[in-house]
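Geometric and topological summary
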Amino acid sequence: MDKEQLKQSIMNNLTNSDAELNQWDSLQPTDPDYMMYSPTPVGYNTTAEQRFLMQNLLVGFAGGSLLDIGCGRCDLYDVARELAALNNDSVSYNAIDHNPIMTQLGEAKWGLTNINVGAFETAKLNKHEWVVASGIFTQRRCETEDDDLRKLFDDIDTLYNLSTQVVSFNLMNPINTYHHEGFFYTHPGLVMDMLIEKYQFVNIRCNYSKDVYTVLIYKLQ
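The structure presented is a predicted model; accordingly, all values stated were derived computationally and were not measured.

Observations concerning the overall build of the protein
Each helix and strand in the protein was counted, giving eight helices and seven strands. Against the compact-globule benchmark of 17 Å for 221 residues, the protein has a radius of gyration of 17 Å, which places it among compact chains. In the protein, buried positions account for 43% of the 221 residues. Residue pairs in contact within the protein that sit at least 24 positions apart in sequence constitute 65% of those at least 6 positions apart. In the protein, 16 side chains carry a positive charge and 29 a negative one; their mean positions are 5 Å apart.

This is the structure we're talking about:
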């Protein structure tokens, strides 16, 4: 397979056919493949939504080391390795999640080993070029919004210190959307101002959902 054929194969897999998407999206909790392939157990309405969000988190990724925080089933690994292959490179993937059921699914699904189980805030994790956190800031975790905000920026700093190139994560958008009880909403303008003041090189992408936006912080030399 030449380079163009490989690229086309990867892009076809990144987008997936409607039949494949419908097959995964239609899985029911009683189906044996539900936990492994359905988007619902990992917090998405559809597989297409999940794939697009993960590509959004990896804009500019071309291979190298990647730490997946809150990895769930490690589906980000599949997207990352395909993007790396477009650059004739590979991905050195490591991950952590607090749910051992999900990490076991990820190891079985993608043939991975030694996925960490625990809290990223206290785990001893090595530095990686890219650090990606998908969905870990969705739920409120403190008694007050001020404490939630302080906790958020403390956690972002932890992610930043684990990265040598890029940190990416997503947040809930409070603008023009329904607010769900127990979810943590942060205004993208406030986040942008505070992150630029501290880290300088920041990009926010409100490009696919009223509910969620993506943040990328770059550690430029």
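Let's talk about the pattern of salt bridges
Within the structure shown, the criterion is met by twelve salt bridges. Ionic pairing is found between Asp147 and Arg150, a salt bridge with its closest N-O pair at 2.6 Å. One end of the pair is Asp147 and the other is Arg150, both in helix H7 (residues 145–162) and three residues apart, which spans about a single turn. Across the pair Asp157 and Lys198 runs a salt bridge whose closest N-O atoms are separated by 3.2 Å.

What about H7?
With 18 residues, H7 should reach 26 Å at 1.5 Å per residue; the first-to-last C-alpha distance of 26 Å fits that figure. Every buried residue of H7 is accounted for by Asp148, Leu152, Phe153, Asp155, Ile156, Leu159, Tyr160 and Leu162. Check the buried side of H7 and you find it contacts strand S1 (64–69), strand S4 (128–133), strand S5 (163–172), helix H8 (188–199) and strand S7 (212–218).

Rules behind the numbers
- Residues numbered from 1 in each chain as written.
- Predicted model: local features only at pLDDT ≥ 70, side-chain atom pairs only at ≥ 80, totals over all residues.
- Heavy atoms only, no water.
- Helix = DSSP H or I, 4+ residues; strand = E, 2+ residues; numbered from the N terminus.
- Rg over C-alpha atoms; globule rule 2.2 N^0.38 Å.
- Buried < 20%, exposed > 50% of the residue type's maximum accessible area, 1.4 Å probe, protein only.
- Contact = heavy atoms within 4.5 Å.
- Lys, Arg positive; Asp, Glu negative; His and termini not counted.
- Charge placed at Lys NZ, Arg CZ, Asp CG, Glu CD.
- Salt bridge = Lys/Arg side-chain N within 4 Å of Asp/Glu carboxyl O.
- Expected span 1.5 Å × (residues − 1).

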